[in-house]
Amino acid sequence: MIDQATVNRIIDTADIVDVVSDFVSLKRRGANWVGLCPFHNDRTPSFYVSRSKGICKCFACGEGGSAVNFIMKHEQISYVEALRYLARKYHIEIQERELTDEEKMAQNKREALNILNEWACQFFEKQLHETTAGQEIGLSYFKDRGFTDEIIKRFRLGYSPEDRHALYNAALRAGHSRDLLFELGLCKDDGHGGGYDFYCGRVMFPIFNVAGTVIAFGGRTLKSTDRAKYFNSPESLVYDKSKSTMYGLYQAKRAITRENKCFIVEGYADVISMHQAGFENVIASSGTALTDGHIHLLNRFTQNVTELFDGDAAGVKAALRGVDMLLKAGMNVRVLLLPEGKDPDNFAQENSSTEMIDYIKANESDFITFKAQVLLSGAENDPIKRGQAITDVVKSIALIPNDIQRMVYVKECSAKFGISESVLARDIARQRQVILDEDYKQRQRERAQREAQQQLDDIPPAGQDIPPHPADQREPDRRGIAESNDVQAQERYVAKYIAKYGMCYMSDDEYDDGQRRPITVLEYIANELLADGMEFSHPVYKAIFNQSMSYLDAFYNDLEQKRAQLESGISAQVNEQMEHLDVDGLSADDIQQREQEITARVNADVVKQIDEFRKNYLERILCSTADDAVRQTATELVSERYHLSKIHTANAVVVTEYDRLSTIVEEAIFLWKSALVNEHIADLKEEMKHCDPSETAALLQRLQEQYAIRSALARLTGERVVNPK
Ligand SMILES: [Zn+2]
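The residue count restarts for each chain, going from 1 along the sequence in the order it is written. Only residues with pLDDT of 70 or above have their local features reported here, since the model is predicted, and side-chain atom pairs are shown and tallied only from 80 upward, although totals for entire chains, interfaces and linings are computed over all residues. Each side-chain value is worked out from all heavy atoms of the structure, with water and hydrogens disregarded.

Draft legend 1. How the structure looks around the overall build of the protein. Note on conventions: DSSP H or I runs of at least 4 residues are helices, E runs of at least 2 residues are strands, and numbering of each starts at the N terminus. A count of helices and strands for the protein gives 29 helices and 20 strands. The 725 residues of the protein split such that 45% are buried. Using the Shrake-Rupley algorithm and a 1.4 Å probe, accessible areas are obtained, with residue cover drawn only from the displayed protein chains. Looking at the protein as shown, the accessible area adds up to about 37300 Å², and 49% of this sits on carbon and sulfur atoms. Throughout this description, buried means an accessible area under 20% of the type-specific maximum (1.4 Å probe, protein chains only), exposed means over 50%, and partly exposed covers the range between.

Draft legend 2. A look at the packing of aromatic side chains. Any Phe, Tyr or Trp ring, taking Trp's six-membered ring, that has another such ring centre within 6.5 Å forms a pair; planes under 30 degrees apart are called stacked, those over 60 apart edge-to-face, and the others tilted. Taken as a whole and assessed by the stated rule, the structure comprises 31 aromatic pairs. Taken together, a centroid distance of 5.9 Å and an interplanar angle of 15° make the contact between F142 and F147 stacked. Here a set of aromatic residues connected by ring pairs shows up, and it is made of Y141, F142, F147, F155, F205, Y230, Y247 and Y268. K89 extends its terminal NZ or CZ atom over the ring of Y90, reaching a point 5.6 Å from the ring centre. The rule is short: NZ of Lys or CZ of Arg within 6 Å of the ring centre and within 35 degrees of the ring normal puts a charge over the ring. The side chain of R164 reaches across the aromatic face of Y196, ending 4.5 Å from its centre.

Draft legend 3. How the structure looks around the nonpolar core. Remark: nonpolar core denotes a set of buried residues (Ala, Val, Leu, Ile, Met, Phe, Trp, Tyr, Cys) joined through side-chain atoms within 4.5 Å. If you look at the biggest cluster of nonpolar residues, it comprises 75 residues, and the most contacted ones within it are V20, V49, I71, L86, I283 and I397. No other element matches helix α18 (residues 383-399), which puts seven residues into this core. Those residues in contact with I397 that lie beyond four places of it in its chain are F367, I368, R406, Y409, V410, C413 and I428. In terms of nonpolar packing, the next biggest core, distinct from the first, is built from 61 residues, W119, L128, F142 and M274 among them. By the convention used here, residues are in contact when the closest approach between their heavy atoms is within 4.5 Å.

Draft legend 4. Spatial organisation of the packing of α18 against helix α19 (residues 403-417). The geometry of α18 relative to α19 is characterised by a closest axis approach of 10 Å and an angle of 170° between their N-to-C directions. In terms of orientation, α18 and α19 fall into the roughly antiparallel class. Every residue of α19 that contacts α18 at R386, I390, V393, I397 and A398 is listed here: R406, Y409, V410, C413 and F417. Classifying every residue of the contact of α18 with α19 by side-chain character gives eight nonpolar, no polar and two charged. Where helices are involved, their axes are fitted lines through C-alpha atoms of the stretch in contact, as for all axes, and angles between N-to-C directions lie from 0 to 180°. Here the word oblique covers every angle except those under 35 degrees (roughly parallel), over 145 (roughly antiparallel) and from 65 to 115 (roughly perpendicular). Throughout this entry, Asp, Glu, Lys and Arg are counted as charged residues, while Ala, Val, Leu, Ile, Met, Phe, Trp, Tyr, Cys and Pro are counted as nonpolar. The remaining residues, Gly among them, count as polar.

Draft legend 5. Highlighting the sheet that holds strand β6 (residues 158-159). Spatial ordering of the open sheet is given by β6-β9-β10-β11, a layout of four strands whose pairing is antiparallel. Two strands in the sheet have a free side with no partner beyond their single neighbour: β6 and β11 (230-232). Being paired, for any two strands, means DSSP has found at least two bridges between them. Taken together, the two bridges between β6 and strand β9 (residues 202-208) define a ladder with antiparallel strand orientation. Counterpart to G158 in the pairing with β9 is M204. Running at roughly 35° to strand β10 (residues 214-221), helix α6 (residues 109-130) makes contact with β6, β9 and β10 of the sheet. Packing of helix α12 (residues 268-276) onto the sheet brings it into contact with β9, β10 and β11, and relative to β9 it is tilted by some 75°.

Draft legend 6. Region of interest: the coordination of the zinc ion. Here a donor is any nitrogen, oxygen or sulfur atom (N, O, S) within 2.8 Å of the metal, with 3.2 Å used for Na, K and Ca; water is not among the atoms considered, so some sites may look incomplete. Coordination of the zinc ion by the protein involves C37 (SG), H40 (ND1), C58 (SG) and C61 (SG), with metal-donor separations of 2.1 to 2.3 Å. Note that the zinc ion binds four donor atoms; their angles at the metal cover 100 to 118°, and the shape is tetrahedral. Each donor residue of the zinc ion belongs to the same chain, and together they define the spacing C-x2-H-x17-C-x2-C. Of this pair, H40 sits in the loop between β2 (32-35) and β3 (47-50) while C58 sits in strand β4 (residues 55-58), and the two are 18 residues apart along the sequence. In this structure H40 comes out as partly exposed when scored by relative accessible area, which is 21%. In these descriptions, tetrahedral denotes four donors with every angle between 85 and 135 degrees, square planar four donors and octahedral six donors with opposite donors over 155 degrees apart and the rest between 65 and 115, and irregular any other case.

Draft legend 7. Quick peek at the sheet that holds β2. On the basis of which strands lie adjacent, the open sheet formed by five strands has the order β1-β2-β3-β4-β5 and antiparallel pairing. Looking at strand neighbours, the two that pair on one side only are β1 (27-29) and β5 (64-65), the edges of this open sheet. For β3 and β4, the ladder comprises four bridges, and the chain directions are antiparallel. Bridging from a neighbouring strand, F47 pairs with C58 of β4.

Draft legend 8. Seen up close, the packing of α6 against helix α9 (residues 166-173). Axis separation between α6 and α9 bottoms out at 11 Å; the angle between their running directions is 130°. Of the possible angle classes, the one that applies to α6 and α9 is oblique. α9 is crossed by α6, and the crossing has right-handed handedness. On α9, the residues that touch W119, A120, F123 and F124 of α6 are A166, L167, A170 and A171. A class-by-class count of the residues in the contact of α6 with α9 yields eight nonpolar, no polar and no charged. A clockwise turn of the near helix away from the far one marks a right-handed crossing, whereas an anticlockwise turn of less than a right angle marks a left-handed crossing.

Draft legend 9. Summary view of the environment of T635. Positionally, T635 belongs in helix α27 (residues 628-639). Along the backbone, T635 and S624 are eleven residues apart, and their C-alpha atoms lie at a distance of 8.8 Å.

Draft legend 10. How the structure looks around the environment of E111. Within the secondary structure layout, E111 lies in helix α6. In this structure E111 comes out as buried when scored by relative accessible area, which is 4%. C-alpha separation for the pair E111 and V238, spaced 127 residues apart in sequence, amounts to 9.0 Å. If sequence neighbours within four positions are ignored, E111 has contacts with I77, S78 and E81.

Draft legend 11. Seen up close, the pattern of salt bridges. Should a side-chain nitrogen of Lys or Arg be within 4 Å of a carboxyl oxygen of Asp or Glu, the pair is scored as a salt bridge. What the rule picks out here adds up to 31 salt bridges. When salt bridges with common partners are traced through the structure, they connect D18, D22, K89 and R254 into a single cluster.

Draft legend 12. Representation of unusual backbone geometry in the model. For H91, which is not glycine, the phi torsion reads 50° and is therefore positive. In this structure, H91 sits in the loop between α4 (79-89) and α5 (101-106).

Draft legend 13. Here's a closer look at a negative patch on the surface. Two joining distances apply to patches: 9 Å for like charges and 5 Å for nonpolar side chains (Val, Leu, Ile, Met, Phe, Trp, Tyr), and every residue must have over 30% relative accessible area and no salt bridge. Neither His nor the chain ends is counted toward charge; the positive residues are Lys and Arg and the negative residues Asp and Glu. Each charge is placed at NZ for Lys, CZ for Arg, CG for Asp and CD for Glu. A surface patch of negative charge is lined by E679, D683, E687, D692 and E695. One can find E679 in helix α28 (residues 661-690).

Draft legend 14. Region of interest: the confidence of the model for the protein. Of all residues in the protein, 87% attain a pLDDT of 70 or more, and the chain-wide mean is 82. Here strand β19 (residues 647-648) stands out as the element of the protein with the lowest mean pLDDT, 46, in contrast to β6, whose mean of 97 is the highest. What pLDDT expresses is the predictor's confidence in each residue, scored from 0 to 100. Low confidence marks residues 459-484, where pLDDT is under 50. Its contacts with residues over four positions away, or in another chain, come to 33 contacts. Note on residues 643-650: pLDDT under 50 across the span, and 14 contacts to partners over four residues away in sequence or across chains.

Draft legend 15. Representation of the environment of D22 within the structure. Here D22 lies in the loop between α2 (16-21) and β1. It is 6.4 Å that separates the C-alpha atoms of D22 and A211, two residues lying 189 residues apart in sequence. If we ignore the near neighbours within four places in the chain, the residues touching D22 are Y85, K89, V210, K253, R254 and F301. In this structure the side chain of D22 is engaged in a polar contact, spanning 2.8 Å, whose partner is the side chain of R254. Polar contacts here mean pairs of N or O atoms no more than 3.5 Å apart (in protein, one a potential hydrogen donor and the other a potential acceptor; neighbouring residues in sequence count only if both atoms are side-chain atoms).

Draft legend 16. Structural detail: α18. Multiplying 1.5 Å by the helix residue count minus one yields the expected span of that helix. In a regular helix each residue adds 1.5 Å, so 17 residues correspond to 24 Å; α18 covers 25 Å between its end C-alpha atoms and thus fits that length. Buried within α18 are the following residues: A389, I390, V393, V394, S396, I397, A398 and L399. Taking the backbone nitrogen of I384 as reference, a side-chain oxygen 3.0 Å away marks D382 as the first, capping residue of α18.

Structure, rendered in structure tokens:
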């Protein structure tokens, strides 16, 4: 349906960083970009994107691929639909012919639902802007609320006409299926083989997923006689209320990333009014209470959330529940109560944006202040209410996963309620234990379920041999490239260099801005794996790698602190040593010379301490981690002696493993790659023995390709082996 030239244009134009950024907030790291993986519940950034290679990859769960693969997986759509998505994004025109009936049938259902929702959205927009009723009823309602044309177009607001068959008939005429209209809740079955519109006479708020695809609608009545103010789409294959989206996220996500902060409000109109007032980082939980799924989604864009509430009792109760969920997810939560009788919608309309900013600055509070304010309002002197309020706040603090943050809140709570920190801390520790126990039990249950499933999956069908266990018990030995075909033995070396030297300086790497900056051994290895689509096959080595990767951010923070701390001490040390200098009989020049020597020595010492810090960083973590397999293997790996005997050069300088680090790491990666190639060659040879004669030529061709790769690798390895630095 899409010709090859267009496909090529789409693939060449799509920029992987740009494509992934629509869903994940990415930070630059080295030559790559990283963010939280959208495919699993990622706590530390494991999702790597390489612009130059055009691929992305999660080092924790393994998902990833090209821009097209990413979109297919993320949006759960087919290859062709992913290409269409990218074409829309980059304004590439696709000349499509009309679908045949068969093709329509074959189209994946999800795509059909997306197409129908998009069609309906356009239908409602046309009704709003191009019909008299739409303009007089729908558009004038939006204008009365103060919405501009621009904002109405941006949120693609619409109108569903009074005629109970307007959309139904138009959809059938356009070739859409009755069943899908019912499934999306756009129409209802009338029981006589026909149907009628669900939203007739309402103004329409389409709901988008993060990528901007219409997945549902909210329809607001304009009649005071209607009991339900809002009708919302039912859940469907494309719309899961608890996790598909939050209202406004598509329009807000860039602002959220830019400001690294997000406001949560209650209704659709609140979101739109706030956007119009210049606050674009505002979203709503679209008609349902905040769920873990929403928070997981939001967490990809920011950790700083402010909940905005009008002061009515129901709103506040929902707010308190939402706050606890956000705290538990490790978010930084702030709360803002609007003045009596105001909701975000009318508040945004009655105040200029500077007035709003001032109000927010002055009234945004942390959740303790908020809870105290709400729970104690009118009962400040009631000791029982006071006790309940404190218990309530303590429960919330106990939910916070970060120790330091918890301590900060304990201090604050202590000041606010006049209770000693140690009493509060004890109480919180007790609560925390309960929470951790529950979490642990929950995880155990999930794990037991997974394992039971795994065991079922692992039972081979009758008559089939159980494959041999991977040769991970064999003693690693370092053979020449042509013979090295033990992949896991090579993986072991790479894992060892990670455990021993992962955070040490490896080389400089070119960043996106063309600058070269230093990267660590670990990052170098990650880049190599990413470039060649490689993964550790051994589960423990893989775990060592993944755990190490999850510490990169923390490492860079700690390194900066360490460096700052050491450097700030330099002048004091130099001064101290200068004071002890015996200056008798020294000329001014001599003294200056001594000072320079001392400064150089102190500086060299700082460099050495930083090197030591880098060297010990991962070893300490990996050898004390709670994961038994990782801890044991890491301990073994770091205590292994340097296997190549120390090289004594002519002038008797001992060259250590650390001195040759970058060479050794490069070599280990090359040997691993060649082991993979050798394994592949062996497989192909084996296959050729048994294959159908018609397949021989193709296999031979693949074999030759592998030989070519092997000799290219061998040349590279050879060069590196004979030219140590
Ligand atoms: Zn992942």
